[in-house]
There are 2 protein chains.
Amino acid sequence: MSETVGRVLEAERDGDQRSGRKRIRRTSEEARRQILDAAEARLTSLGPEGLRLQDIGRDVGMSHSAILHHFENREGLVKALASRAAEQLKAEVLAALSTPDGSAPEAGQVIEKVFEILSERGYARLAAWLTLEPRRENRRHSRQMIAELTRVIHELRVQHHGDADRDPPLEEDTANVVLLVATVAYGDGIMGKALRMAAGRDDTPAARARFRAWFGRLIQGHMDDCFDQASARDASKP
Amino acid sequence: MSETVGRVLEAERDGDQRSGRKRIRRTSEEARRQILDAAEARLTSLGPEGLRLQDIGRDVGMSHSAILHHFENREGLVKALASRAAEQLKAEVLAALSTPDGSAPEAGQVIEKVFEILSERGYARLAAWLTLEPRRENRRHSRQMIAELTRVIHELRVQHHGDADRDPPLEEDTANVVLLVATVAYGDGIMGKALRMAAGRDDTPAARARFRAWFGRLIQGHMDDCFDQASARDASKP
DNA sequence: TACGCAATTGACAATTGTGTAAGCAACCAC
DNA sequence: GTGGTTGCTTACACAATTGTCAATTGCGTA
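Residues numbered from 1 in each chain as written. Chains lettered and ligands numbered in written order. Predicted model: local features only at pLDDT ≥ 70, side-chain atom pairs only at ≥ 80, totals over all residues. Heavy atoms only, no water.

In this section: the overall build of chain A. Helix and strand counts for chain A stand at ten helices and zero strands. Across the 238 residues that make up chain A, the buried fraction comes to 49%. Residue pairs in contact within chain A that sit at least 24 positions apart in sequence constitute 74% of those at least 6 positions apart. Summing over all exposed atoms, chain A offers an accessible surface of approximately 12,000 Å²; the carbon and sulfur share of this is 51%. (Helix = DSSP H or I, 4+ residues; strand = E, 2+ residues; numbered from the N terminus. Buried < 20%, exposed > 50% of the residue type's maximum accessible area, 1.4 Å probe, protein only. Contact = heavy atoms within 4.5 Å. Areas by Shrake-Rupley, 256 points an atom, 1.4 Å probe, with all protein chains shown as cover.)

Turning to the protein's contact with DNA strand D, a few remarks are in order. Taken together, 26 residues form the shell around DNA strand D, and within it Arg-52 of chain A together with Arg-23, Arg-26, Ser-63 and His-70 of chain B come nearest. Each atom of DNA strand D within 4 Å of the protein was classed as base or backbone; sugar and phosphate made up 58%. Arg-25 of chain B is positioned with one of its side-chain polar atoms (N or O) 2.9 Å from a base oxygen of DNA strand D. In this structure, a phosphate oxygen belonging to DNA strand D sits 2.7 Å away from a main-chain N or O atom of Ser-63 of chain B. Residue assignment for the surface near DNA strand D shows that the elements contributing at least two residues are helix 3 (53–60) and helix 4 (64–71) of chain A together with helix 2 (28–46) and helix 4 (64–71) of chain B. (Near = heavy atom within 4 Å. Polar contact = N/O pair within 3.5 Å; in protein donor to acceptor, adjacent residues only side chain to side chain.)

Residue and element names in this part refer to chain A. When pLDDT is averaged along chain A, the result is 82, and 79% of the positions lie at 70 or above. By mean pLDDT, helix 1 (residues 2–13) is the weakest element of chain A at 40, and helix 4 is the strongest at 98. Taken together, the stretch residues 1–19 has pLDDT below 50 and engages in 21 contacts with residues farther than four places along the chain or on a different chain. Note on residues 226–238: pLDDT is under 50 here. Beyond four places in sequence and across chains, it has 20 contacts. (pLDDT = per-residue confidence, 0-100.)

We now examine the packing of aromatic side chains. By convention here, two paired aromatic rings are described through the distance between centres and the angle between planes. Following the criterion strictly, the structure yields five aromatic pairs over all chains and no others. Aromatic side chains Trp-129 of chain A and Trp-129 of chain B sit 5.4 Å apart centroid to centroid with 40° between the ring planes, which places their arrangement in the tilted category. With Trp-129 of chain A in helix 7 (residues 123–132) and Trp-129 of chain B in helix 7 (residues 123–132), this residue pair bridges two chains. Among the residues examined, Trp-129 of chain A registers a relative accessible area of 2% and is labelled buried. (Phe/Tyr/Trp six-rings, centres within 6.5 Å; stacked < 30°, edge-to-face > 60°.)

Bringing the protein's contact with DNA strand C into the picture now. The local shell around DNA strand C holds 25 residues, among which Arg-26, Ser-63, His-69 and His-70 of chain A together with Arg-52 of chain B are the closest. Expressed as a percentage, the sugar and phosphate content of the atoms of DNA strand C within 4 Å of the protein is 57%. Taking Arg-25 of chain A, its side chain carries an N or O atom lying 3.2 Å from a base nitrogen of DNA strand C. At a separation of 2.8 Å, a phosphate oxygen of DNA strand C approaches a polar side-chain atom of His-70 of chain A. Elements represented by at least two residues in the surface near DNA strand C include exactly helix 2 (28–46) and helix 4 of chain A together with helix 3 (53–60) and helix 4 of chain B. Among the elements that take part in the surface near DNA strand C, helix 4 of chain A stands out by supplying four residues, more than any other. Residues that form the surface near DNA strand C fall into these classes: seven nonpolar, ten polar and eight charged. (Nonpolar A, V, L, I, M, F, W, Y, C, P; charged D, E, K, R; others polar.)

Right, let's talk about the relation of the copies chain A and chain B for a bit. Mapping chain A onto chain B is achieved by rotating through 180° and translating by 0.0 Å along the same axis, at an RMSD of 0.1 Å. Overall, the copies show the geometry of a two-fold rotation axis. For chain A, the smallest separation between a C-alpha atom and the rotation axis is recorded for Gly-187 of chain A, amounting to 1.8 Å. The overlap is high: 100% of the interface residues of chain A also sit at the interface in chain B, so the same surface is used on both sides. (Least-squares fit on C-alpha atoms with pLDDT ≥ 70 in both.)

Residue and element names in this part refer to chain A. Here chain A is partitioned into domain 1 (2–71) and domain 2 (81–236). Ranking the residues of domain 1 by area buried against domain 2 places Glu-40, Leu-43 and Thr-44 at the top, with a combined share of 57%. The salt bridge partner of Arg-84 is Asp-37, with a shortest N-O separation of 2.9 Å. Where domain 1 meets domain 2, there are three residue pairs in polar contact (both at pLDDT 80 or more). Grouping the amino acids of the side of domain 1 that touches domain 2 by side-chain chemistry returns five nonpolar, two polar and three charged. (Domains from an automatic or database assignment. Buried area = accessible area lost by both parts, 1.4 Å probe. Salt bridge = Lys/Arg side-chain N within 4 Å of Asp/Glu carboxyl O.)

Here we take up the packing of helix 2 of chain A against helix 7 of chain A. Residue and element names in this part refer to chain A. Taken N-terminus to C-terminus, the directions of helix 2 and helix 7 make an angle of 90°; their axes are 9 Å apart at the nearest point. Regarding the angle of helix 2 to helix 7, the classification is roughly perpendicular. On helix 7, the residues touching Glu-40, Leu-43 and Thr-44 of helix 2 are Tyr-123, Arg-125, Leu-126, Trp-129 and Leu-130. When grouped by side-chain class, the residues that make up the contact of helix 2 with helix 7 number five nonpolar, one polar and two charged. (Axes fitted to C-alpha atoms, helices over the stretch in contact; angles between N-to-C directions. Parallel < 35°, antiparallel > 145°, perpendicular 65-115°, else oblique.)

Attention shifts here to the interface of chain A and chain B. Residue-level contacts link 58 residues of chain A with 59 residues of chain B. Interface of chain A and chain B: buried area, both sides summed, is about 5,300 Å²; carbon and sulfur atoms make up 64% of it. The largest share of the area that chain A buries against chain B comes from Leu-132, Trp-214 and Arg-217 of chain A, three residues that together contribute 13% of it. Joining chain A to chain B, the criterion identifies two salt bridges. With a closest N to O distance of 2.8 Å, Arg-210 of chain A and Glu-172 of chain B form a salt bridge. One can count 14 residue pairs in polar contact (both at pLDDT 80 or more) joining chain A with chain B. When residues of the side of chain A that touches chain B are traced back to their parent elements, those giving at least two are helix 2, helix 7, helix 8 (145–159), helix 9 (171–198) and helix 10 (205–236) of chain A. Broken down by element, the residue count for the side of chain A that touches chain B peaks at 20 residues, all from helix 9 of chain A. A breakdown of the residues in the side of chain A that touches chain B according to their chemical character gives 30 nonpolar, twelve polar and 16 charged.

Quick look at the environment of Gln-159 of chain B now. Structurally, Gln-159 of chain B can be placed in helix 8 (residues 145–159). For Gln-159 of chain B, a relative accessible area of 54% gives the class exposed.

Residue and element names in this part refer to chain B. Across its 14 residues, helix 6 (residues 107–120) extends 18 Å between first and last C-alpha, which sits within 8% of the 20 Å expected from 1.5 Å per residue. Buried within helix 6 we find Ala-107, Val-110, Ile-111, Val-114, Phe-115, Ile-117, Leu-118 and Ser-119. Count one or two residues on from helix 6 and you reach Gly-122, which has phi positive near 90°. (Expected span 1.5 Å × (residues − 1).)

Below, the structure is given as structure tokens:
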């Protein structure tokens, strides 16, 4: 994603300046990769309105027809974009979950990572665009992704939940925690800036980090101390 | 918003079927209202791609030129839409905060209301569309909106924080809580369905309610019991 | 070197959405 | 009624995009 992103801005700067250059020929695979990279960059920075074949083509230095050649039609490009993003996302989050020494990953650390991927790096916006766009029912790829994560995390949680004599955490509680973290990360990635503005706060990296840290402590606290109370209260209600 | 929404679907069903009807003439105000209603319905259900002047015109039974007459251009329509939505949102949330008898509103209740407006009723999607669309820096209207809310809520919180001998909650903690609730409500409204799918849960109203309730208890618990611990821990960190 | 596959191009067609201008027609005031 | 204001319409100009197709050319291979 890095290589082509630079070129996007470059091309943006000095217009269509690939005049004298000879026609370059990529492998099909490489072409698809470059196109997806450029499309991703445009999508996160400009929204779906910015996803125009001609522009993407200019970014990677080919005509829009070439893109159609590789992806059949615009829909095909969007679909490919969606699956690739989902796969990358999943891989990175799973990677963040495994500590090198097999110890319990700290909630704050994991949350930090999730936020970094979803919020800071723009995946949330990308996913939002793709999700909010109706008519695409499919996206089967991301299905069960969070379920898997939940299993992994709950396993860890039960494993490390201390030698205390209190009850082990309920699976549903873990599921809720995971869902909450994901929801917050997406919400922050999509609306975070606007919300902070509306809160009269500035949107500096430091401010974002403070909020993330606070949230991390909240979750950590819930999982460390409060979960038995919470689950007890949970059970008492209808 | 209700009156015209029905007509949207109607028109969707039986095509452009306003043939024999005479030309109707509304007041400028009424016309604007109807147009905004239809636009809002389209925006929340179809995304910004569905915001086409011709379609909106067909929904309310006028030509697309009439819309341009009322809003100057498409931009004007979108701006009007944004301000109106922000105002309504603010009004409803403030209304939810004031209990009839002046007692402390329960966190769960307020959260429920916020979710209902933002998530269930589609305001989150609408706001997301409008926010994610770049190039519009303005939206000054919503500025400070959450700040105001935070002040109101913090006031309530300090007022009712029990006669305990513990410290009163920090203002920053309240700000974080408000920001978190807003973030979750937006995140849920925008990505909630997709996330629940990815979690292998079904997206029934009951399931949504369960999650909201769990989250409400988490927040309530934080504000009731844990805030002194949390803020202490907060202060101890850099 | 010659050949052929497939990536790439360039021109063009077709569609669709925004915006303009001039005229028509409700409704109000007199 | 008569006239004026203005909501609304029809027709058209215009731009931007996706998609098609034949032609071109880079590059591995026989």
